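# Geometric and topological summary
Here is how the chains run, residue by residue.
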Amino acid sequence: AQSVSQHNHHVILSEAASLELGCNYSYGGTVNLFWYVQYPGQHLQLLLKYFSGDPLVKGIKGFEAEFIKSKFSFNLRKPSVQWSDTAEYFCAVNGQGGKLIFGQGTELSVKP
Amino acid sequence: GAVVSQHPSWVICKSGTSVKIECRSLDFQATTMFWYRQFPKQSLMLMATSNEGSKATYEQGVEKDKFLINHASLTLSTLTVTSAHPEDSSFYICSARAGGGAYNEQFFGPGTRLTVL
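A brief look at the structure comes next. Here the structure is a predicted model, which means the values were calculated and not measured.

Scoring rules and cut-offs
Residues numbered from 1 in each chain as written. Chains lettered and ligands numbered in written order. Predicted model: local features only at pLDDT ≥ 70, side-chain atom pairs only at ≥ 80, totals over all residues. Heavy atoms only, no water. Helix = DSSP H or I, 4+ residues; strand = E, 2+ residues; numbered from the N terminus. Rg over C-alpha atoms; globule rule 2.2 N^0.38 Å. Buried < 20%, exposed > 50% of the residue type's maximum accessible area, 1.4 Å probe, protein only. Contact = heavy atoms within 4.5 Å. Areas by Shrake-Rupley, 256 points an atom, 1.4 Å probe, with all protein chains shown as cover. Lys, Arg positive; Asp, Glu negative; His and termini not counted. Charge placed at Lys NZ, Arg CZ, Asp CG, Glu CD. Disulfide = S-S within 2.5 Å. Patch = residues over 30% accessible without salt bridge, like charges linked within 9 Å, V, L, I, M, F, W, Y side chains within 5 Å. Salt bridge = Lys/Arg side-chain N within 4 Å of Asp/Glu carboxyl O. Pairing = 2+ DSSP bridges. Axes fitted to C-alpha atoms, helices over the stretch in contact; angles between N-to-C directions. Polar contact = N/O pair within 3.5 Å; in protein donor to acceptor, adjacent residues only side chain to side chain. Buried area = accessible area lost by both parts, 1.4 Å probe. Nonpolar A, V, L, I, M, F, W, Y, C, P; charged D, E, K, R; others polar.

## Some remarks on the overall build of chain B
Broken down by element type, chain B carries 0 helices and 11 strands. Its C-alpha atoms give chain B a radius of gyration of 13 Å, within 12% of the compact-globule value 13 Å for 117 residues. Out of the 117 residues in chain B, the part that is buried amounts to 48%. Partitioning the intrachain contacts of chain B with sequence separation of at least 6 by distance along the chain shows that 55% fall at a separation of at least 24. Approximately 5600 Å² of chain B is accessible, and the part contributed by carbon and sulfur atoms is 54%. In chain B, 10 positive and 9 negative side-chain charges are present, and the distance between their average locations comes to 4 Å.

## Structural notes on the state of the cysteines
Here is the idea: a disulfide is a covalent bond, and it sits between the sulfur atoms of two cysteines. All names here are of chain B. Applying the stated criterion across every chain yields a total of 2 disulfides over all chains. The side chain of cysteine 23 participates in a disulfide bridge whose partner is cysteine 94; the two sulfur atoms lie 2.0 Å from each other. Sign of the S-S torsion, about 80 degrees for the bond between cysteine 23 and cysteine 94, identifies this disulfide as right-handed. A residue pair is termed long-range when its members are at least 10 positions apart, and cysteine 23 in strand 3 (residues 19-25) and cysteine 94 in strand 9 (residues 90-97) qualify at 71 residues. For cysteine 23, a relative accessible area of 0% puts it in the buried group.

## Quick look at a nonpolar patch on the surface
Together, Trp10(B), Ile12(B) and Leu117(B) make up an exposed nonpolar region whose accessible area comes to about 390 Å². Overall, the relative accessible area of 58% leaves Trp10(B) in the exposed class.

## Overview of the sheet that holds strand 1 (residues 4-7) of chain B
Remark on secondary structure: sheet strands pair via backbone hydrogen bonds, oriented parallel or antiparallel. Residue and element names in this part refer to chain B. Strands sit in the order 1-3-8-7 across an open sheet of 4 strands; the sheet is antiparallel. Bordering the open sheet on either side are strand 1 and strand 7 (67-73), each of which pairs with just one other strand. Strand-to-strand, the axes of this sheet are offset by a mean angle of 15 degrees, without reference to chain direction. As defined by bridge partners, strand 7 adjoins strand 8 (residues 76-81) across 5 bridges and the pair is classed as antiparallel. What sits directly across from leucine 68, in strand 8, is threonine 80.

## Some points on the side chain of Thr32(B)
Residues and elements named next belong to chain B. With respect to the element layout, threonine 32 can be found in strand 4 (residues 32-38). Within polar-contact distance, the side chain of threonine 32 engages the side chain of asparagine 51 at 3.0 Å. Discounting residues that sit within four places of it in the chain, threonine 32 has contacts with Thr49, Ser50, Asn51, His71, Ser95, Ala96 and Arg97.

## Side note on the pairing of strand 6 (residues 45-50) of chain A
Pairing between strand 5 (residues 33-38) of chain A and strand 6 of chain A: 5 bridges, direction antiparallel. Along strand 6 of chain A, the bridge assignment pairs Phe34(A) with Lys49(A).

## Some thoughts on the interface of chain A and chain B
Where interface size is given, it is often the accessible area lost as the parts come together that is meant. Tallying the contact residues gives 20 residues for chain A and 20 residues for chain B. For the pair chain A and chain B, the summed buried area comes to about 1600 Å², and 52% of that belongs to carbon and sulfur atoms. Where chain A packs against chain B, one counts 2 salt bridges. Linking chain A with chain B are 3 residue pairs in polar contact (both at pLDDT 80 or more), by the criterion used here. Of all the elements in the fold, those that place two or more residues in the side of chain A that touches chain B are strand 5, strand 6, strand 10 (87-94) and strand 11 (100-102) of chain A. Among the residues forming the side of chain A that touches chain B, the class breakdown is 7 nonpolar, 10 polar and 3 charged.

Bear in mind that shape data such as this cannot, by itself, settle questions of function.
In structure tokens form, the structure reads like this:
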């Protein structure tokens, strides 16, 4: 069965700290991977996506993610977080028929 | 960018009544829309895939007679929660996929908070 696992439920960081959120997936076919962000009271927005090519993907707002096929991972990183990055982050894989399968989500709290 | 709206943004209803939620793609045509349910502090669970002009495809465990989906046009899909009960209280989110490709990007609506008393 297809699944996505996010290791961290809640991460608390101070501003300027580096961020890495873990994401592992289980899917036997060709994968398309996504990171979405949900700011408080707002709708889901796409941060970045991987379809093919360079496994290091750069997204909006200084985020990047690395697809490591051998580890079935797609971790999200940011070198220096800001208070405005406080949000819920979801990793997702595009499964059969294009359905999105989401991880459990990671709540990021950045202290000013 | 592509915009998806939902109406209403929140609704409170009495147990036993039905509630309709609309999902519209405002500036693009969407042959496929998806309906998700999100519980507090949890992930989005896909409920069903809605295809314009055909019956929706429901995920395992989702009652099709309770959650009626209609995708009457390329810009509108509706979800009707019939005979709602308190356990149906949740955050319902739709997304719309631009174009016909199965792996085209999905754009999400802002969600509808349903509270059943």
